[in-house]
Structures are given as C-alpha cells and as structure tokens.
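The residues making up each chain are set out below.
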Amino acid sequence: MAVSILKFFVSQLLLCLLNFYGEDVRKAVAAEVRSPINIGVILDNDWYGRVAKVAFELAAEDVNKENNLPNSSRLQLHFRFSESDGQNAVMAAFAAVDLLKKHEVVAIIGPQTSQEAGFVIDLCTASKVPMISFSVTDPLLSSHRYPYFIRLPHSDAVQADAIAALVEYYGWRKLVAVYADNDYGTGMLPFLTNSLSNVGCEIAYRSAIPANASRNATRAKLSELKEMQTRVFVVHMTPDVGALFFSEAEKMGMMSSEYAWIITEGLSALLDVMSESSIASMEGFLGTRSYIPKSTQLLDFDRRWKPRFNIAENSLERKPAKLNIYAYYAYDAVSMIAQALKRFDNAQFIFSQSPINPNDSFNSQLSNLPVFKQGEQLLQLLGNTNFSGLSGPLEISEGEVRGTTYEILNVLGKGKGYRRIGYWTSNGISNSSWGSEIENVTWPGGSTTKIPRGWATPTKNKPLRIAVPIRDGFLGFVVTEKNASGVLVVPEENPGFVIEIFRAVLKNLSYNVSHEFIPYNQNESQLPGYYDDLIQQVSLSKFDAAVGDFTILANRSMYVDFTQPYFESGLVMVVPIKAANPSNAWTFLKPFTAAMWCTTGAFFVFTGLVVWLLEHKVNDTFRGKPKEQVTTFLWFSFSTLFFSQREKVVSSLARGVIIIWLFVVLILQSSYTANLTAILTAQQMQPTIQDVESLKSSGQPVGYQTGSFVGEYLVEHLGIDRNNLHGYSSPQEYANALSNGSVAAIFDEIPYICIFLSQKIGFTIVGETYRTGGLGFAFPKGSPLVSDMSTSVLEVAEGPENQKLRAKYFNNSTDCSNGGPQENSNRLSMESFWGLFLITGSASAMGLLIYLGRLIYTYIHHRLPQEQQHFPTTSRLKSFLIYMDEKMEPDNSKEITSRESHENLPDAPNFGTSISNPPETSRESDENLPDAPNFGTSISTSPAWESPLSVTTGGRIGGGGGGYEGTGGEIEGEDGVTTDGGPTEEDDDYEDSSTSSALSSRSSSFLWLPGSTS
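Along its length, the protein carries 31 helices and 39 strands. In the protein, buried positions account for 49% of the 1014 residues. Across the protein, the fraction of contacts at a sequence separation of at least 24, relative to all contacts at a separation of at least 6, is 70%. For the protein, the accessible area works out to roughly 49,000 Å², and carbon and sulfur atoms hold 53% of it.

See below:
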C-alpha cells in the first residue's frame, strides 16, 4: 500500500515538472538524441585550466543552441587533465591517446604549455587529427613543421618584433634576456636576437631561471645580473616563476630608477589575476600583450562566464573571478571548429583501425592509433576560417591568425594596476590614441620624466677597464712607464696626447665614469698585428674599452664600435730627397709645363692667322703667294714675342686683337723670365721615388710602423710584395733606414709622418694620400657609452683644449700640408694663365666674327649679281671665296667727283709763293694755274707715300696750281711747327679707305680752301 502511494506521488511530481519545464526537457532530450561530434580538450589541472574549461563549455553550448551543424549533430567536448605544474608532458600525451582511441575525436584543443604541445602534436599529425592551440606561443611549433597544427594566439616571433621596436624607441642598445629554462622560455630567444639585431641592438647576456628554482638559487641569479653594466631586462617566463623572481629582485634593490624591465605576454596577459604583492614588485614595468578589441559579444561573454566560474570554484581554492585573453582564445577555438564543420559535406566521420606502422611487431598503445580519414579535409576547412570571434577578427593563414596588434602596458604599482600607453603593429609604435608617440611612462622608482639610461655608470668599485698600447716610438701619443713597484702604468702627468684627449672627453660628459688604464701585453708590442689583437680583446669583453692611436678601419668596425675620430688621418709615402741638377740642355723648358708650352704656341699661330684674315683684303703686306703669306703671318705672330713686328696694321679690328695679344705676351714673357731665373739660381730638390707605381716596378724594400695595420694594407690594397716589407718603430729608425738605403720608402699615417718630418730633414711626402677613418676610441659592440663619447669627442675637438694639447705634444707638427719640395712644384701651368688665354681667344674670335659678318653683308648686297642669286650653293660659295681673296679697289666715282670739283675751282691770286711738285702731272697742272703773289713761303708737295708737303713762311705759297693746299702734305708754320695736312684714313670703312688711298696716290689732287691765310 505504501509503495503504491509513493509511486503515485512520484508520478504526479514528474507530471508537474514536465508541465513546467516541458520545452526545456524536450530540447535536452532532443540534444541527447542528436549524434555527437567528439572534440578533445587537454588542460592543466590548475586555476588557469579551470578558467579555460568554463569558456569551452559556454562555447559548446552556444554552438549546440544554434543547431546548424551537419545532420543536426552536436559538439561533444571530452576533457582530459594533465599535471597542474605543466611539466608532465607524458601525461598530456597519454590523455591525447585516450581521446583518439576511446572517443575518436575529430580535433583536439590544447594542451596549455609548449612542452606538452610538443608531444601531443606528433600524435595528432600521425592520426591526421587537427590540433588547435589556444595558449601555446612557442615559435618552434608551427604549421611549417607540423601541418596539423593551428595556433590562435600570436607567435612569440611576432612579439619579438614588438619588443625590439620598444627597445629601439627608447634608444637602448643592449639588454639582458631573463627566461624560464624550458621550451617556452628558450623558444623565443633566437627570434628575439634576430629582431633586436634588425634595429641595431643586441642581447648582452642570457640568464635562464629554472622553473622550480629555490629562493637562494633565484637570489644567486639576481646577484649576477646586478653586477652587470646593462640595466635593461626582458623577462620571458610564466607567473608562477615570475612571482618569486620579482619579489627577490625588489628586495635586492633592482627596481630603482636606473633599471628598465620589459615583460612578455606570458606575464602581461595575466596581470589581471596577479596578487597585489606581485603587482607592487613590478612597478614601472613595461609589457606587451595581444590586443583584444572591446565588443558586445565580449561583454556578454564576461557576464555569463563569471557566475558559471564561481559555481565551479565553490568547493575549490577561491580566486578573483577574472578572465584572461587565453579564455577568449579557448572560446574562439570551439567556434572555429564549428565554423569548419558547418561547411563539411559529410557528417559521417571515418577512422581507420589499421596500424600506423605495419612493420612494427610491437602492438603498443601508440602503434595502432586510429587515423581520421577526413582529417585533411577538415584541416583545409579550418585553414580557410574567417569570422569575428571574442578575440577579434580571425582569418587563418598558414596555421596562424592574420593581422597582429600588440598593446603596450605600463604597470603602475600596488593598488593602481596597469594602464595601456600605446600599441604596436607591423607599421611601428603608436600611442593609445594611435598617435606617433607613447604616452608618459611611470618608470621603476616612480619617475615619470627620466627615462632609464639602460646601463650602469662605472663606479670606483667597478671601474671601466681600459686597455692602452705600449709604444717604443712616437711617444707623444701614449706614454707608459714603470712605477716604484716595477709595474707598467700610465703616468698621471704627461701621459701622452691620446690619454689627455680621452680624459678631456670624459670630463666633458654629464656624468662621472670611473676608469683604469691597463697597458696591454708588453711582450707582443713589437709583433705584427699587435693593434688588431688589442682590438680583438675588446670585442671579447676582456676590456671595457681601448684608448690609443687606433685607426678606424672597416674590418675593425665589424668587432668593436668606434667613437667619432679625435684625430684625422691617412696613409702616405715618405722618401729621401736629393739635389736636382738645373744645368742641362733643356733647362729653358722647365718654367712651363708641357701643356703650357703647347697652349702658348697654339695661341701664337691662332692670333697670327686671325690678323692675317683681317688684313688680307685691304693690306698689300698680307697679300701675295700662299707660301709667302704663310711665312708672313707666322713671322708677324712670333715677332710679337719681342714686340718687333714691322708690318703695318690697317684694320681697326686687327689693331684691337693685337693690343690684347701684346698684353698677354707681356705677362707670359715676364713670368717665364722670373721662373727661369729662380730655377737657375735657387737650389732644387727632388724625391728619389715619384709614386707608388714606380716603387712597385723597382721592387725595392718598403718600411712601415711595426704593429700597425699598414703592413697588411700595403699587401692587400697596394700590391706590394710581403717579402719587401720591413717594420720600424721610431722616427730615428725611419731616418736611418731611408738614409742607408735599407728601404726606398716608408709608409705610415699622416700624424706619424708629420712628426717624423718635423724632426728629420732630407725627406719628403710623395704620391697620393690613402684616406682612413682617423683615430678613435674602441668600445665593445653595442656599448652604451659610444654615443655619449662620440658627442663629447666632437665638442672637445671643436674647442681650444684640442689645439692646446696638439701644441703641447707635437708643436703643431702634425699639420704638414706638403711634405717638402716636389719636382714640378715650381713649373707654371695652365691653372695660372687660363684666364689670359680666355680673354685673348675671345677677343680674336669676336673680331673674326665681326669681320666675316661685314664681308658677307657686303658680298650679298654689292657684289653678288642679280642674275647669279639662283646659282647653286657651291657656285655661290666659290664666288664668295674669290671675293674674299680679292684686293679691295678704290671707288672711281669718288675720284671723278674730286677731279671735277678741282677743275671748277676759281682762280686764286699769286702771293709770290713758289710751289714745287714732284710728279709731272702736278707740274702740268701748275703751269695752267694763274700766278700768285709771293710772300716768301715755299710749299713742296709730294705723294702721300713719299714725303709730306712742306710750307715755309716768308716765301710765296706754292703748290699744285699755286694758292691751293695739296693733299697728303705737311704745312710747316712760322715757328717751325709741322702740321699734318693730309686726309684721314677711315680704316673701319674699306670703301672710304680705298677712296682715300686713290686720292693720296694722285699728287696733283688738291682742294682749295677759300679764305685760307696760310
């Protein structure tokens, strides 16, 4: 009876529940009835794994609610947990085997760590089951090596670029990499090294922290880091390792203002769930983290996730219910699988039960894993995924998510949390408003204005160890001596030019740099390559710097960083000089160079030719047979050298050309005379070797400075035989070797050669200068001191201190612009006279152009017959050349007009003046003239080319016709003054000139001047 009553009440209760929850129950039953699609999930049994588990469950519920999978299937998640410390990768592998064999999962999500993923990914590849990672960032795990691997978070290889950009932004050159000593920690280092190298930075030191390191072991590692000069640290580890590390670093005083700390995503992604004490110890840190844009979908997920997680954690250790970016990736991993399955054309999944390796006789758990037949198809669908998830747009390409944006975080300290100060994309760094600069940063120690320098200034306890070379010669550069204990040291007073310059540069810095000088390897100071070996020691960090007369060379710059040069330099050759014998048959040619002689001779010929052309048509002297004319113009041209030309020049254009040319000749003659006098009277010196080529061809021995780079340079770049090289170390050894003929030449840098020439005579610099980078200070690659030291070097070089020190040690002997007399230094060249030749050449060319222009104009308008204008061009050119060669004749029309005017003149009275006429024509005309009175003046007329007409007072006026003034004569006045009474020649008008010439040739042509009283 009691049992019946109980059954009744239970049935009534179920009926009530069915009526109240009927719809939900029916849906649940329907969901259970739908065929499942099995998905495996491997997590760590820790707090972060439990956070991700809730995200997976919510994602599966959302997918199943949509009910849009093939054949109304549903996702069935199968969770497996490995050890909570994340180190037991074997347990993760067994979990994967169980999922593959027991549930035949079509995809596996997880596991959480790189170590575990490395085991599981091989199993998935063998079973052709895609593996989607929601937390692994190790760059060594990629689809290139494992085709069935897909990653949602960004690879650490990309994060390395973001960190390098951040380091470059603040101008840091070196950093220390602190990383967890596991696959996760070491996987990023090669990529970080490469990214830093691309921006000119480097990792100065690497410190691996074991995952299970004790407090004492951690402090020991920190003590090593604190002793280092570099103060920029990049920390790549997980929070469980980082919490102890940062706590101990703070206790050891490594969170002061001179330090800079950068944390990677393994720490920065979990800042929200770190304890207050951990946040307090990380004040001033910078961090990079994948950027998750805010969205409605994301906010809704946060609202749903918190109560579900709190319920799940009710019986476990309570922690703040806060999400992290890996939970978002977990949700998106399930969504991505669902997106691919929607496009799957066959809901029937087939697994092969045949062994993977048929030849394996040992039928183990790993040798007979099922193979997913449609695995390759599903992998292709996953690879083509493109949708918007909680973490933002998800577009898969080659197993990675396209589009990378990192946010840059700044930890503010206890109770303040952190804030975003900027972003990084492939285009560079920007601020939170996507501007060009990062917002103000709170640095360790609380400063917001002073950016950490990134390296520690050397102190008295740990000074800068500076190597200096030991020199036996040229002591003005670096001086070393033994102290009372017999130890070789650099003296405090007069230590050499280089040491004093270095001290001045340090003094000019804005901070103090403690240092000590260490003379390097005295036993090898005279060996070849001594300086290169010293530089090599700096590159190996045996010394913190090298200070000396080190030449900046390209091959040395591969190992060390040089400051700006404090001394200019270059490689030159010095040789002996000998007295030149000026008395020889060709000494007269030495005042001018060969080019000068050729140019002068060419202008003599050119000027004579121009004058001949200008005079040929109007001057009988420049006419005649071709052979005679060539002789005439050459004679005329070269006679101007002595100003003894006797040919009369008629044309005004030719006169202008001659005047300018005579001025040039005067300058050339004076210069030649002065230089020849100097050559014959002053003692001349010339070098024994002219240049490098003549030295090489002679095969004579060559000297260089021992221990320097010069020997190798001569062999590699100048092609001098190594067997001909001899090393010397002092100016006296240079002088002895050159004087006794041990070597024919010495090669060395300009500062040393100039000092040598200032101390020794009888030597000179010849040939060209082979430039080098100058002398500089050497520091290890990436040394933070180089930039400040270079700026200080330039400031000192521009100041008075540099000149004072040069005068003190070298007496300004390092400035030798020329190294003694040169063979051709006193020969005059075109450089001194090209202006004169330009002037006379331009004048001659201009006169010739004007003459040709006039001649062509006259020919076209007066000579060329109208009927010949249509003749061929050749005929007209021949006619012009004939016209050009013709003698210009006088104008007959003007002669007739003159004669007619003469016959119409009125009779003049006779004043008793007797006139004598040389030619017969003049006498006949005189007889027909009326008598004139005689005043005691006698006038004698003669042709213009013989003698002038003379008039003597006291007699009668006489002339051709009496009382008439004859043309072309001179009139001698009462006081014996002779006046030119002849006509004026118009030389620039050839027609008038011809008429004047015709008139002067007629001795009987006179013009009466009415009213004349002479």
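Let's pick the thread back up.
Before going further, it helps to spend a moment on the environment of Ala 93. The residue Ala 93 is located in helix α4 (residues 89-102) in this model. Ala 93 sits in the buried class, given a relative accessible area of 12%. Between the C-alpha atoms of Ala 93 and Gly 118, which are 25 residues apart in sequence, the distance is 9.2 Å. Excluding residues within four positions of it along the chain, Ala 93 makes contact with Phe 119, Val 120 and Leu 123.

Its 18 residues give helix α14 (residues 325-342) an end-to-end C-alpha distance of 26 Å, which sits within 8% of 26 Å, the value for a rise of 1.5 Å per residue. The N-terminus of α14 is capped by Asn 324, whose side-chain oxygen sits 3.0 Å from the backbone nitrogen of Tyr 326.

In terms of nonpolar packing, the biggest core is built from 83 residues, with Ile 39, Phe 56, Leu 75, Ile 109, Ile 132, Phe 134 and Phe 301 touching the most fellow members. Those residues within four positions of Phe 301 in sequence are excluded, and the remaining contacts are Ala 55, Leu 58, Leu 323, Tyr 328, Tyr 331 and Leu 390. By size, the runner-up hydrophobic cluster in this structure holds 53 residues, among which are Ile 466, Ala 735, Ile 750 and Met 789.

Moving on, we get to the environment of Val 547. Mapped onto the fold, Val 547 is located in strand β23 (residues 545-551). When the C-alpha positions of Val 547 and Ile 466 are compared, they lie 6.6 Å apart, and in sequence the two are 81 residues distant. Beyond its immediate sequence surroundings of up to four residues, Val 547 is in contact with Ile 466, Ala 467, Val 468, Pro 469, Val 498, Ile 499, Phe 502 and Phe 777.

On to the pattern of salt bridges, then. Applying the stated criterion across every chain, the model contains 27 salt bridges. Across the pair Arg 308 and Glu 57 runs a salt bridge whose closest N-O atoms are separated by 3.7 Å. Of this pair, Arg 308 sits in helix α13 (residues 296-312) while Glu 57 sits in helix α3 (residues 47-66), and the two are 251 residues apart along the sequence. Put simply, Lys 53, Glu 57, Glu 61 and Arg 308 are held in one network by salt bridges that share partners.

Taken in spatial order, the eight strands of this open sheet run β7-β6-β8-β9-β10-β16-β17-β18, and their pairing is mixed. Each end of this open sheet is capped by a strand with a single partner; those strands are β7 (202-209) and β18 (428-431). Between one strand and the next, the sheet's axes are offset by a mean angle of 25°, whatever the strand orientation. Pairing of strand β10 (residues 286-290) with strand β16 (residues 406-413) involves five bridges; the strand directions are antiparallel. Paired with Leu 286 across the two strands is Asn 410, which belongs to β16.

Looking now at the sheet that holds strand β13 (residues 386-389). Here three strands make up an open sheet; going across it, the order is β13-β14-β15 and the pairing antiparallel. In this open sheet, the two strands that pair with only one neighbour each are β13 and β15 (400-401). With two bridges joining them, strand β14 (residues 392-397) and β15 adopt antiparallel strand pairing. Bridge assignment links Ser 397 to a residue of β15, and that residue is Glu 400.

Mapped onto the elements, His 236 comes out in strand β8 (residues 232-236). Since its relative accessible area comes to 3%, His 236 is described here as buried. In terms of polar contacts, His 236 uses its side chain to reach the backbone carbonyl oxygen of Tyr 184, at 3.1 Å. Aside from chain neighbours lying at most four places away, what touches His 236 is Asp 156, Val 178, Tyr 179, Ala 180, Tyr 184, Gly 185, Met 188 and Thr 264.

The grouping of Val 605, Val 630, Leu 634 and Phe 638 at the surface amounts to a nonpolar patch, some 280 Å² of accessible area in total. Broken down by element, the residue count for the nonpolar patch peaks at three residues, all from helix α19 (residues 626-639). Relative to the helices and strands, Val 605 resides in helix α18 (residues 594-615).

Moving on to the packing of α4 against helix α5 (residues 114-127). At a closest axis distance of 8 Å, the pairing of α4 and α5 adopts a crossing angle of 30°. In terms of axis orientation, α4 runs roughly parallel to α5. Note that α4 runs across α5; the crossing there is right-handed. Residues Ala 89, Ala 92, Ala 93, Ala 96, Val 97 and Leu 100 of α4 lie in contact with α5, whose contacting residues are Gln 115, Glu 116, Phe 119, Val 120, Leu 123 and Ser 127. When grouped by side-chain class, the residues that make up the contact of α4 with α5 number nine nonpolar, two polar and one charged.

This part covers the packing of aromatic side chains. For any pair of aromatic rings, the description rests on two quantities: the centre-to-centre distance and the angle between the ring planes. For the structure shown, the criterion picks out 51 aromatic pairs. When the ring of Phe 246 is compared with that of Trp 261, the centres are 6.1 Å apart and the planes differ by 90°; the resulting orientation is edge-to-face. Taken as a pair, Phe 246 in helix α10 (residues 239-251) and Trp 261 in strand β9 (residues 260-263) lie far apart in primary sequence, 15 residues in all. With a centroid separation of 5.2 Å and 40° between ring planes, the pair formed by Phe 756 and Phe 763 is classed as tilted. The class for Phe 756 is buried, based on a relative accessible area of 0%. For Phe 763, a relative accessible area of 9% puts it in the buried group. In this arrangement the basic side chain of Arg 453 is found over the ring face of Trp 455, its NZ or CZ atom lying 5.0 Å from the centre. Positioned over the ring face of Tyr 511 is Arg 453, at 4.6 Å from the centre of the ring.

What follows covers helix α9 (residues 215-226). Residues three or four positions apart in an α-helix share a direction because the helix packs 3.6 residues into each turn. Taking 1.5 Å per residue as the helical rise, α9 with its twelve residues ought to reach 16 Å, and the 16 Å between its terminal C-alpha atoms agrees with that figure. Those residues of α9 lying buried are Thr 218, Leu 222 and Leu 225. Along the long axis of α9, the arc covered by the buried residues comes to 55°, so they all point the same way. Check the buried side of α9 and you find it contacts β6 (174-180), β7, β8 and α10.

Bringing the pairing of strand β19 (residues 464-468) into the picture now. Among the five residues of β19, four are classified as buried, and the element is accordingly described as predominantly covered. Relative to strand β22 (residues 515-519), β19 runs parallel, the two sharing five bridges. When the sheet's bridge partners are listed, Val 468 is paired in β22 with Pro 519.

Tracing the chain through its elements places Ser 671 in helix α20 (residues 652-681). Residue Ser 671 is classed as buried on the basis of its relative accessible area of 19%. Residues within four places of Ser 671 in sequence aside, it is in contact with Leu 828 and Phe 833.

This part is about the confidence of the model for the protein. Residue-level pLDDT values for the protein average 78, and 76% of them are 70 or greater. Long-range and interchain partners of residues 820-824, a stretch whose pLDDT sits below 50, account for twelve contacts in this model, where long-range means more than four residues apart. Taken together, the stretch residues 890-1014 has pLDDT below 50 and engages in 227 contacts with residues farther than four places along the chain or on a different chain.

Relative to each other, α3 and α13 sit at 120°, their axes nearing to 10 Å. When the axis of α3 is compared with that of α13, the two are oblique. For the pair α3 and α13, the sense of crossing is right-handed. Where α3 approaches α13, its residues Trp 47, Arg 50, Val 51, Val 54, Ala 55, Glu 57, Leu 58, Glu 61 and Asp 62 are matched on the opposing element by Phe 301, Arg 304, Trp 305, Arg 308 and Phe 309. Class assignment of the residues belonging to the contact of α3 with α13 gives a composition of eight nonpolar, no polar and six charged.

Before going further, it helps to examine unusual backbone geometry. Here the amide bond leading from Gly 110 into Pro 111 is cis, since omega sits at -10°, within 30 degrees of zero. Topologically, Pro 111 is positioned in the loop between β3 (107-109) and α5. The phi dihedral of Asn 494 is positive, around 50°, even though this residue is not glycine. Here Asn 494 is to be found in the loop between β21 (488-489) and α16 (497-508).

On to the environment of Asn 508. Mapped onto the fold, Asn 508 is located in helix α16. A C-alpha to C-alpha distance of 9.5 Å links Asn 508 and Thr 791, two positions 283 residues apart in sequence. If near-sequence neighbours (up to four positions away) are discounted, Asn 508 is found in contact with Ser 792, Glu 795 and Val 796.

About the cut-offs
Counting starts from 1 at the beginning of each chain's written sequence and moves along it residue by residue. Reporting in this predicted model follows two pLDDT cut-offs: at least 70 for local features of residues, and 80 or more for side-chain atom pairs to be given and counted; totals over whole chains, interfaces and linings ignore these cut-offs and use all residues. Calculation of side-chain values draws on the structure's entire complement of heavy atoms; hydrogens and water are dropped beforehand. Numbered from the N terminus, helices here are DSSP runs of H or I no shorter than four residues, and strands are runs of E no shorter than two. Working definition: with a 1.4 Å probe on protein chains only, accessible area under 20% of the residue-type maximum means buried, over 50% means exposed, and in between means partly exposed. Note on contacts: a residue pair is in contact if any heavy atoms of the two residues lie within 4.5 Å. Per-residue and other accessible areas were derived by the Shrake-Rupley procedure at a 1.4 Å probe size, with only the shown protein chains allowed to occlude residues. To estimate how far a helix should extend, the number of its residues minus one is multiplied by 1.5 Å. Counting of polar contacts relies on pairs of N or O atoms within 3.5 Å, with two restrictions inside protein: one atom must be capable of donating a hydrogen and the other of accepting it, and residues adjacent in sequence are counted only when both atoms are side-chain atoms. We call a set of buried residues a nonpolar core when its members are Ala, Val, Leu, Ile, Met, Phe, Trp, Tyr or Cys and they connect through side-chain atoms within 4.5 Å of each other. What counts as a salt bridge is simple: a side-chain nitrogen of Lys or Arg found within 4 Å of a carboxyl oxygen of Asp or Glu. Strands were regarded as paired on the criterion that DSSP finds at least two bridges between them. Every axis in this analysis is a line fitted to C-alpha atoms, fitted for helices over the stretch in contact. Angles between the N-to-C directions lie between 0 and 180 degrees. Residues enter patches when their relative accessible area tops 30% and they take part in no salt bridge; the joining distance is 9 Å for like charges and 5 Å for the nonpolar side chains Val, Leu, Ile, Met, Phe, Trp and Tyr. In these notes the angle categories are as follows: under 35 degrees is roughly parallel, over 145 is roughly antiparallel, 65 to 115 is roughly perpendicular, and the rest is oblique. The handedness criterion is simple: a crossing whose near helix is rotated anticlockwise from the far helix by less than a right angle is left-handed, and one whose near helix is rotated clockwise is right-handed. Just so you know the grouping, Ala, Val, Leu, Ile, Met, Phe, Trp, Tyr, Cys and Pro go in nonpolar, Asp, Glu, Lys and Arg go in charged, and all remaining residues, Gly too, go in polar. When the centres of two rings from Phe, Tyr and Trp lie within 6.5 Å, Trp using its six-membered ring, the rings pair. Their planes under 30 degrees apart give stacked, over 60 give edge-to-face, and anything left gives tilted. Whether a charge lies above a ring is judged from NZ of Lys or CZ of Arg, which has to be within 6 Å of the ring centre and within 35 degrees of the ring normal. An arc is given here, and it is the one of the directions from the helix axis to the C-beta atoms. pLDDT is defined as a per-residue confidence score from the predictor, taking values between 0 and 100.

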